[in-house]
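The chain contents come next:
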Amino acid sequence: HEAFARRRCIVPADGFFEWTGSGAARQPIWFHRPDGRLIYFAGLYESWRPQPDQWQRTFTIITTTPNDLLSRVHNRMPVILDESVVDDWLNPRSEDLDALSKLLVPAPEPLLMPTPVSQRVNSVKNDDPACLQPAETPVRLL
């Protein structure tokens, strides 16, 4: 509760991944804005000491129930803040926690576009632009 009241942040990103299928057939789906602009995840941060002489800052992305598009793939989705409310979310003086709580809703469906991408995403060893190449085999989400 204290982090929500005092330590809100945004996590900018160009998209996020969810998977469909199982085993070797797991297909990553990259959810992103059709216009290519950034999305802003609602987050909370914390500062803590893993050792007495060392501070570390960590964050979490807040999730909510999925919109209809995401519900076909997962039972939750990250909270994506509209650009018009980012300053309200970040304002450390905001004391209207009820108003802030009302921002934690599923994103409107047109905001996100699903793109099946390379299975290279399935390994943390791969971190390059080829991960976002469209999948060779079309995947039906709907």
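Please read these numbers as outputs of a predicted model, since none were measured by experiment.

Peer 1: Help me out: how do you make sense of the environment of T115 in this one?
Peer 2: Its location among the elements puts T115 in strand β9 (residues 113-116). For T115, a relative accessible area of 15% corresponds to the buried category. C-alpha of T115 to C-alpha of F17: the two residues are 98 residues apart in sequence and 9.4 Å apart in space. Ignoring anything within four residues of it in the chain, the contact list for T115 reads P28, I29, W30 and H32.

Peer 1: Is there a simple way to explain the sheet that holds β9 in this structure?
Peer 2: Each strand in a sheet pairs with its neighbour through backbone hydrogen bonds, running either in the same direction (parallel) or in the opposite one (antiparallel). Pairing in this open sheet of 3 strands is antiparallel, and the strands run β2-β3-β9 from one edge to the other. Pairing within the sheet leaves two strands with one partner each, and these edge strands are β2 (16-20) and β9. In this sheet, adjacent strand axes meet at a mean angle of 35° when their direction is disregarded. In terms of strand pairing, β2 meets strand β3 (residues 27-32) through 5 bridges, oriented antiparallel. Note that in β3 the partner of F16 across the bridge is F31.

Calculation criteria
- Residues numbered from 1 in each chain as written.
- Predicted model: local features only at pLDDT ≥ 70, side-chain atom pairs only at ≥ 80, totals over all residues.
- Heavy atoms only, no water.
- Helix = DSSP H or I, 4+ residues; strand = E, 2+ residues; numbered from the N terminus.
- Buried < 20%, exposed > 50% of the residue type's maximum accessible area, 1.4 Å probe, protein only.
- Contact = heavy atoms within 4.5 Å.
- Pairing = 2+ DSSP bridges.
- Axes fitted to C-alpha atoms, helices over the stretch in contact; angles between N-to-C directions.

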